[in-house]
Every structure is written in structure tokens, then in C-alpha cells.
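# Architecture at a glance
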Amino acid sequence: MHLKNLNWTKKEGVALLLIDRSQQLNALNRNTLAELESALCALAQDDAVRVIVLSGAGDKAFVAGADIKEMAGLDPLAAAAFARQGQKILAQIAGLSKPVIAAVNGYALGGGFELALACDFIYAAEGAKFGFPETTLGIMPGFGGTQKLSRLVGANIARELIFTGKMIDAERAATLGIVNRVVPAVDLLEATLQTADTIVANGGVGVAMAKEAIGKGLDMPLAEALAFEGNLFALLFSTEDQKEGMRAFIGKRPAVFLHK
Ligand code: DAK
């Protein structure tokens, strides 16, 4: 499917969703956000898609942030609408029952870093750069960056990155736990798609519930989160996937999951 600033392809349970405004380093303008929102809606409802890989077109950027040229002219009401649009997309990714993996192939700055952080995990190309330059523009992160980064790496690292606006490379991001894996740029999509394929082969309901348990559980006190996990675990014993998975193990054969 080709939209103006976005395109996606589907293969064997995996959708590869590319933000495609490479002349502007895939910066997020309002049109791109609107397209991303409708693409995520369509992919959420598509049963043939079980994992989404999100990346940027070209070899320079994942997303170099919100579109500064467009943002510069926003009045307060338009800025509020822009914020709502961005936050809706982040909520969509968190609320999707399918994993979303970010394949960061260059700059992931500002809103682009926040978009990557909203995904379930991040693979990065060698040479990719992460940062929050907002304070160099007189603003601050507004799509969840202050909260997501602090929870992931701790408040002090988040403060340093956000207050200085300096970029870090993919290796440092991996050391900090922001990035799961760093690979040569030419191998990034293949490595990410391979991991997506591994997930697709597993029981879809279990994966979806694990995503929900991790995502929602992080915002709960531990005892409540453990109870939540226990309830979801119990619910899985009503699924065909649980029966098939265990039958296949006992029968010494690969499982064939129906994802229900
Ligand atoms: N916006 C618009 N255009 C951008 C852009 C951006 N973020 N980043 C790059 N471009 C454009 C450049 O203007 C240039 O366009 P032309 O001049 O050719 O028309 C083209 O992409 C190529 O960029 P450069 O020529 O600058 O390429 P370089 O390799 O020299 O430099 C760079 C690459 C990534 C270091 C540099 O482009 C750069 O510093 N870009 C800006 C990065 C940045 O500051 N990003 C953060 C934006 S602020 C909100 C929530 C969230 C946000 C806002 C509000 N609310 C809740 C309300 C998010 C804010 C942000 O993300």
C-alpha cells in the first residue's frame, strides 16, 4: 500500500511499514502522522498481519523528529491538535495486540526517538544516532520522551540526554538498554524481519497477552501486576493455541498455531 509519505508491504505475517519522506529525513508532519494513524488502524484489523516492523525510507534517517518547518508556524490550537495526533499514535502502538519492532536505520531524533521508544523494542544499524534535540529548539520532548526514557534507562541518563540535546550512537544506546541489537546497516531489515518471523511462528494469543502484561504491568504496583499476569496466564488455558502448543510438545512435532 502506498500513501504519500508512507508505504507498507506484507509477507507471511509481517508488515514492513516505512515512513517515506526521505528528502526531509522522514520528519513527521501532520500528513505523515495522519497516514501513520490510518496505517496502524488498517494493520490492527488485518488478521494476516501478526508483527509490524517500522522503519524509515532511505539510508540516513529513521525519523529526524517532528517537522520543524511545519511546527514553527503552528498556533496554540494547531499545536494542541498536533500533540493529540502524536499521542494517539503512541497509544495505538501500545494498545496493538501485535508486536511493533522499530528498525532504526539512521537518525532517530526528537519525535522520531519517541516513536522508536513507543515500539516494543528497537534494532539499530551501526551508525544510527539517537537524541532529543528539543531543548536546542527551545522546547522539550512532548510525545512521551521524558517519561519513556526515564523509565527505560533511569532519570539521570534521561536528564543528561534531554538537557544537553546531544546525540548518542547505536552502540551507546545498546549499552544503555535502549537498543536490543546493533547490526551493519545492510543487514538491519533482514535481522529485524528474522526476529519478526520467529515471533510469527509462536502462539499469537500468548504473544499478545505477554505484550499486554508487560505494557500495563509496568504502570502497576508489583503485586497488582503479578495478579494481572496470573489472570492472563489462566485465560490462555481457554485457547486452542495452548492446547496445540502442549500437544505438539508431547507429540514431538512442531506446533501449528491458529492464533486463537
Ligand atoms: N524537520 C523538518 N525538516 C527536517 C528535519 C526536521 N526535524 N530534519 C531534517 N530536515 C530536512 C532539512 O531541513 C533538509 O531539508 P532541505 O533543506 O534539503 O529542504 C533535509 O531534511 C536534510 O537535512 P540536512 O541537510 O540538515 O541533513 P544533515 O545530514 O546536514 O543533518 C540532521 C542531519 C538530522 C543532524 C539535521 O537535519 C537536524 O539537525 N535535523 C533536525 C533534528 C531535530 O532537531 N529534530 C527534533 C525536532 S523537534 C509535541 C510532541 C513532540 C514534538 C513536538 C511537539 N507536542 C506534544 C506538541 C517533537 C519535536 C521534535 O521532534
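Here is a short report on the structure shown in this document.

A few words on unusual backbone geometry. Positive phi, close to 45°, is recorded for Glu12, a residue that is not glycine. Mapping Glu12 onto the fold places it in the loop between strand 1 (6-11) and strand 2 (14-19). One non-glycine residue, Asn26, adopts positive backbone phi at about 60°. Note that Asn26 resides in the loop between strand 2 and helix 1 (30-45).

Relative to the elements of secondary structure, Lys211 occurs in helix 9 (residues 204-217). By relative accessible area, which is 11% here, Lys211 ends up buried. Within polar-contact distance, the side chain of Lys211 engages the backbone oxygen of Ile93 at 2.8 Å. There is a polar contact of 3.0 Å between the side chain of Lys211 and the backbone oxygen of Lys98. Here Lys211 is in contact with Ile93, Ala94, Leu96, Lys98, Pro99, Val100 and Asp120, once residues within four sequence places are set aside.

Right, let's get into the nonpolar core. Of all hydrophobic cores here, the largest spans 51 residues; its most connected members are Leu17, Val104, Leu115, Phe130 and Ile178. Counting 15 residues, the second-largest nonpolar core is a separate cluster that includes Val14, Val51, Leu188 and Ala191.

Spanning 14 residues, helix 10 (residues 222-235) covers 20 Å between terminal C-alpha atoms, matching the ideal 20 Å at 1.5 Å per step. Three or more residues of helix 10 are buried, namely Ala225, Phe228 and Leu232. Viewed along the axis of helix 10, the buried residues span an arc of 60°, placing them on a single side of the element. Projecting away from the buried face of helix 10 at angles above 90 degrees are the exposed residues Ala223, Asn231 and Phe233. Each element contacted by the buried residues of helix 10 is listed here: helix 9.

Around the ligand there are 26 residues in total, and Lys60, Ala64, Ala66, Lys69 and Gly111 lie nearest to it. A distance of 3.5 Å is found between an oxygen atom of the ligand and a backbone nitrogen or oxygen belonging to Gln23. The contact in question runs from an oxygen atom of the ligand to an N or O atom on the side chain of Lys69, over 2.8 Å. The fraction of the free accessible surface of the ligand (1,100 Å²) that becomes covered by protein chains is 68%. Mapped by element, the contributors of at least two residues to the shell around the ligand are helix 2 (68-71), helix 3 (76-95), strand 6 (107-109) and helix 4 (111-118).

Let us look at the pattern of salt bridges. Applying the stated rule across the entire model yields 8 salt bridges. Residue Arg21 is joined to Asp67 by a salt bridge in which the shortest nitrogen-to-oxygen separation is 2.8 Å. Of the two residues, Arg21 sits in the loop between strand 2 and helix 1 while Asp67 sits in the loop between strand 4 (61-63) and helix 2, which places them 46 residues apart along the sequence. An identical accessibility class is assigned to Arg21 and Asp67; each is buried. Between Asp120 and Lys211 there is a salt bridge, with the nearest N and O atoms lying 2.9 Å from each other. Within this pair, whereas Asp120 is found in the loop between helix 4 and strand 7 (121-125), its partner Lys211 is found in helix 9, the two being separated by 91 residues in sequence.

Reading guide: rules and limits
- Chains are numbered independently. Their residues run from 1 in the order of the written sequence.
- A pLDDT threshold of at least 70 governs which residues receive local features in this predicted model, and a stricter bar of 80 or more applies before side-chain atom pairs are shown or counted, although totals over entire chains, interfaces and linings include all residues.
- Only hydrogens and water are set aside; all other atoms, that is, all heavy atoms of the structure, feed into the side-chain values.
- Runs of H or I in DSSP of at least four residues are treated as helices and runs of E of at least two as strands, each being numbered from the N terminus.
- Between buried and exposed lies partly exposed: a residue is buried under 20% and exposed over 50% of the maximum accessible area for its type, with that area taken using a 1.4 Å probe on protein chains only.
- Under this definition, polar contacts are N or O atom pairs within 3.5 Å; protein pairs additionally need one hydrogen-donor-capable and one acceptor-capable atom, and for neighbouring residues in sequence, both atoms have to be side-chain atoms.
- Contacts were defined at the residue level, with two residues in contact if any of their heavy atoms lie within 4.5 Å.
- Take the buried residues of types Ala, Val, Leu, Ile, Met, Phe, Trp, Tyr and Cys, join any two whose side-chain atoms come within 4.5 Å, and each joined set is a nonpolar core.
- Given a helix with a known number of residues, its expected span is that number minus one, times 1.5 Å.
- The directions from the helix axis to the C-beta atoms form the arc being described.
- We call a residue near a given molecule or strand whenever any one of its heavy atoms falls within 4 Å of it.
- A 1.4 Å probe and the Shrake-Rupley method give the accessible areas. Residues count as covered only by the protein chains that appear here.
- Salt bridges, as used here, are contacts in which a Lys or Arg side-chain nitrogen is within 4 Å of a carboxyl oxygen on Asp or Glu.

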